[in-house]
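So the chains spell out like this:
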Amino acid sequence: MKIFVCVKQVPDTETKIQLNSDGSSIETTNVKWVVNPYDEFAIEEALNLKTKNAGSTVTIVSMGPKSRVTDAVRTALAMGADDGIIINCEEEQDLFTTAKALADTIKAEGEASIIFAGKLAIDGNGAGLPQVMAEYLGLPHATVISTFEDQGGKYVVQRETESGSTKTYELTGPCVLSANKGLNTPRYASLPGIMKAKKKPIKDVEFSSLNIPSTFKKLTYSNLTLPPQKPSVKMIDGEAGAQANQLVDLLKNEAKVL
Amino acid sequence: MSNVLVFIEGANSELKNSTKELLSVAKSSGATVSAIALGPEAKAYADKAAHYGVSKTFICSDQQFENYNPDLFVPAVTDLIKQSGANIVLASSSSLGKDLFPRVAAKLDSGFVSDCTDVQINGDDVTVKKPLYAGKCSADVKFDNSAIKIVLMRANQLKISEADSSLSSEVVESNPQAPDLKTLIKDIVKSTSEKVDLTEANIIVAGGRGMKEAGHFKLLEELADVLGATVGASRAVCDAGWVPHSMQVGQTGKTVAPNLYIACGISGAIQHLAGMSSSKVIVAINNDPEAPIFQKSTYGIVGDLFDIVPKLTEEFKKVL
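Residues numbered from 1 in each chain as written. Chains lettered and ligands numbered in written order. Predicted model: local features only at pLDDT ≥ 70, side-chain atom pairs only at ≥ 80, totals over all residues. Heavy atoms only, no water.

Student: Go over the side chain of Thr117 of chain B, please, and point to the residues and values.
Tutor: Within the element layout of this structure, Thr117 of chain B appears in the loop between strand 7 (111-116) and strand 8 (118-122). Setting aside residues no more than four positions away along its own chain, Thr117 of chain B makes contact with Lys129, Pro131, Met153, Arg154 and Gln157 of chain B. (Helix = DSSP H or I, 4+ residues; strand = E, 2+ residues; numbered from the N terminus. Contact = heavy atoms within 4.5 Å.)

Student: An account of the environment of Lys82 of chain B is needed here, citing residue identities and associated values.
Tutor: If you trace the backbone, Lys82 of chain B turns up in helix 3 (residues 70-84). As for Lys82 of chain B and Ala274 of chain B, which are separated by 192 residues in sequence, their C-alpha atoms are 37 Å apart.

Student: Could you give me a rundown of the pairing of strand 7 of chain B, with the residues and numbers involved?
Tutor: Where a strand is regular, its side chains alternate between the two sheet faces. All names here are of chain B. Counting buried residues in strand 7 gives 6 out of 6 residues, a clear majority hidden from the surface. In terms of strand pairing, strand 7 meets strand 11 (residues 149-153) through 4 bridges, oriented parallel. By the bridge assignment for strand 11, Val113 is matched with Val151. (Buried < 20%, exposed > 50% of the residue type's maximum accessible area, 1.4 Å probe, protein only. Pairing = 2+ DSSP bridges.)

Student: Outline the interface of chain B and chain A, listing residues and values.
Tutor: Chain B puts 91 residues into the contact, and the matching count from chain A is 79 residues. Counting the surface lost from both chain B and chain A, the interface buries some 7,100 Å², and carbon and sulfur atoms represent 55% of this. Area buried by chain B at its contact with chain A is led by Arg103, Tyr133 and Tyr299 of chain B, which between them contribute 11% of it. The interface formed by chain B and chain A includes 8 salt bridges. Measuring nitrogen to oxygen at the nearest pair gives 2.8 Å for the salt bridge that ties Glu135 of chain A to Arg103 of chain B. Across the chain B-chain A interface, the total number found is 47 residue pairs in polar contact (both at pLDDT 80 or more). Per-element accounting of the side of chain B that touches chain A gives the leading share, 9 residues, to helix 4 (residues 95-107) of chain B. Class assignment for the residues of the side of chain B that touches chain A results in 36 nonpolar, 27 polar and 28 charged. Bridge count for strand 13 (residues 234-235) of chain A against strand 18 (residues 299-302) of chain B is 2 bridges, and the pairing is parallel. The residue bridging Lys234 of chain A from the neighbouring strand is Tyr299 of chain B, located in strand 18 of chain B. (Buried area = accessible area lost by both parts, 1.4 Å probe. Salt bridge = Lys/Arg side-chain N within 4 Å of Asp/Glu carboxyl O. Polar contact = N/O pair within 3.5 Å; in protein donor to acceptor, adjacent residues only side chain to side chain. Nonpolar A, V, L, I, M, F, W, Y, C, P; charged D, E, K, R; others polar.)

Student: Account for the sheet that holds strand 7 of chain B, with residues named and values stated.
Tutor: All names here are of chain B. Taken together, the 7 strands give an open sheet; going across it, the order is 7-11-6-1-4-5-12, and neighbouring strands pair in parallel fashion. Sheet topology places strand 7 and strand 12 (170-173) at the edges, where each strand pairs with a single neighbour. With strand direction ignored, the average angle separating the axes of adjacent strands in the sheet is 20°. Inspection of the sheet shows strand 1 (residues 3-7) paired to strand 4 (residues 32-38) by 5 bridges, in the parallel sense. Each residue of the ladder has a partner; that of Asn3, found in strand 4, is Thr32. Helix 2 (residues 42-50) contacts strand 4, strand 5 (56-60) and strand 12 of the sheet and is inclined by roughly 170° relative to strand 5. Each of strand 1, strand 6 (88-92), strand 7 and strand 11 is contacted by helix 4, which is oriented at about 170° to strand 11, the strand it contacts most. (Axes fitted to C-alpha atoms, helices over the stretch in contact; angles between N-to-C directions.)

Shown next as structure tokens:
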């Protein structure tokens, strides 16, 4: 099987976000970059599938400045993926352009058996790239999957919907799947894995060489702002009973949220 | 004049509140408002949507639309949007909306923005506000190269207008041919819980490591029952397996913005705060006066949650 995993490098969840002077993007100087947490579930599931299908390969595909995203790709290779492709692009592209670049790059590698991605990137919070990429590739998709089973060309997945209900879908491959937390427990890269990853091949693709028409760009972000400062907290003192009583009174009569 | 199309979601013959929000903002923009409803209850939803000023609703009431299948819904919704002539589409940023509309947008060669917290419609021009980094900052987003602009709104962000039950609207039924399906629904397990999803909840009671063990979440459920609230949790307790991941609030869980968020035994890690700090009123109950959660809270109680939460449940019972 030819298995692909789309990986995005994002600021770590503990990052305190600061904005650049004109509010056009975030200040990245002190940002610690990591593999998007949801993509780790995608990588793990791809590696499990590879283990069960001898002769399979797992290819990591990532887009961004090569000097930066190489780290994320090496991390995935250290977990056990076979090779990587980096679409080198200094400027941030919108979701549609990125999806098109990933789709074209994967297509150029020959027919994919299955493509995994995370359900959302925790920076842009778009939650749509896998579906858009699936459309560009003409493949079926399932998002936010919490279980995955390979039934020989057919894939059975469970998807959590609102209020904890689940739906089970059967997809005829090839297909695009986006991973939810809980799909598996991603492995840590072992030391031998990290050593091996240094020698694994990473192919470079220049974003400009893909010649993606500028009409694929659908969105422009501007005027980034930090959340408004909250007024300082009102502390409620006293013993438990009095505190509870006063809080309910404040919620009812001051905040008026009941 | 612009033509705004609202994608209707409902349950048990009632429109979801999030749908009512969309209908209200569409109407108040002065645009012509049409709607789409799918599934066996589509006609009932169309009649309800009319009360908010919808002039025409496109429905597919065929049984096959009862449950969401992207293979079926994507072409049907794409065709209905084209048929409607709409240039702006509003839908909820629900699990269905977020799965469906990115692909519909790609088919229509148009843009979508998910999880928006505000939408400004001025004629054909649309600007939305979208939180990034789970709410650590937000941006204004504008559409380029998009004949149709698709906006997925987060729930609880917009005012619901008064419904006028004397209004009715035109209903257009279509029965699209079933495409060759590559995705089949094998099974559906409906949750036994009557609770609304965290992302749509008006009130959330959430627990963290301070709950000490899984069994103690019962205290929060009792409080939530009195308030009609949904129970959430921090990453630590989800990772510990005390509660399912579907209950996690934060940057790697759900981003929520209820009217009232009661955090019990949650210290307030930056990734948790990102997911809930846009809640209207935040109450923190924690035994550590230095806990970062207090900096984001409206009201704070330093104390033992095992004393305070049951007393709070009793006090709420008295007034609700």
